[in-house]
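# Coordinate analysis (summary)
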Amino acid sequence: PSSKINRGDAVEWLIRGLRKTGEEAVAETGDIPFKDVSSGSDEIATAKLLGFVTGYSDGTFKPNSEINRAEFAALLGRVARKYGLSGEAKAMNFPDVKAGAWYYADVKLAYELGWMKGDDAGTFRPAGLLTEAEAAVVVKRILDEMWEMN
């Protein structure tokens, strides 16, 4: 459970879960949006098609790189906006998430939706690497909400 999850696996878990809730978008076979992603990565291609991931300016996605909590929150923010989801407005008091940070709005949205939470110390740890256990809990929360919508 404390193993870190990489970018490719995090996206694959999320897309596979969304397909179970009725998401039907699928990238065309052979549509490889990033030069470092193999042809068998339909979930990453689908995530690109849906606008959930953008990759890096050099045309890579870096699927084997670990993903931090801020990056995962950004992915979740794109998912929430795609489906028109908004959370219950509530104060977010993580001392390590500053209003001017590039990930602030996404962390706030994921927090308001109840998808991501802070730690026992009251921090969010945006630069902290996401664990498989954290990713699994978040994907389950998203799926529970999407099932309720359908």
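See above for the structure.
A few points on the structure. Within each chain, residue numbers correspond to sequence positions counted from 1 in written order. Where local features are concerned, this predicted model is filtered to residues with pLDDT of at least 70; where side-chain atom pairs are given and counted, the filter is 80 or more; whole-chain, interface and lining totals use all residues. Computation of side-chain values: all heavy atoms of the structure, hydrogens and water removed.

The way it works is that DSSP assigns letters per residue, a run of H or I at least four long becomes a helix, a run of E at least two long becomes a strand, and they are numbered from the N terminus. Tracing the backbone through its elements, the reader meets Glu-43 in helix α2 (residues 42–49). Categorising residues by exposure relies on relative accessible area from a 1.4 Å probe, with only protein chains included: less than 20% of the type maximum marks a residue as buried, more than 50% marks it as exposed, and the intermediate range marks it as partly exposed. Take Glu-43: its relative accessible area is 9%, and that puts it in the buried class. Identification of polar contacts relies on pairs of N or O atoms within 3.5 Å, with a donor-acceptor requirement for protein atoms, meaning one able to donate a hydrogen and the other able to accept it, and with residues adjacent in sequence counted only if both atoms are side-chain atoms. A distance of 3.0 Å separates polar atoms of two side chains, one belonging to Glu-43 and the other to Arg-16. For Glu-43, the contacting residues outside a window of four places in its chain are Val-11, Glu-12, Ile-15, Arg-16 and Arg-19. Any pair of residues with heavy atoms lying within 4.5 Å of one another is described as a contacting pair.

Only the stretch in contact is used when a helix axis is fitted, and all axes are lines through C-alpha atoms; the angle between N-to-C directions ranges over 0 to 180 degrees. At a closest axis distance of 11 Å, the pairing of helix α1 (residues 7–20) and helix α3 (residues 69–82) adopts a crossing angle of 25°. On the basis of the axis angle, α1 is roughly parallel to α3. As α1 packs across α3, the resulting crossing turns out to be right-handed. For the pair α1 and α3, the contacting residues are Arg-7, Ala-10, Val-11, Leu-14 and Leu-18 in the first and Glu-71, Phe-72, Leu-75, Leu-76 and Val-79 in the second. Under the convention adopted here, Pro, Cys and the residues Ala, Val, Leu, Ile, Met, Phe, Trp and Tyr are nonpolar, Asp, Glu, Lys and Arg are charged, and Gly plus all remaining residues are polar. Residue composition of the contact of α1 with α3, by class: eight nonpolar, no polar and two charged. Note that the term roughly parallel is reserved for angles under 35 degrees, roughly antiparallel for angles over 145, roughly perpendicular for angles of 65 to 115, and oblique for everything else. Note on convention: the crossing is left-handed when the near helix lies turned anticlockwise from the far helix by less than a right angle, right-handed when the turn is clockwise.

Note: most peptide bonds trans; most residues except glycine with negative phi. The phi angle at Lys-62 is positive, at roughly 60°, despite the residue not being glycine. Within the secondary structure, Lys-62 is located in the loop between α2 and α3. Since its relative accessible area comes to 32%, Lys-62 is described here as partly exposed.

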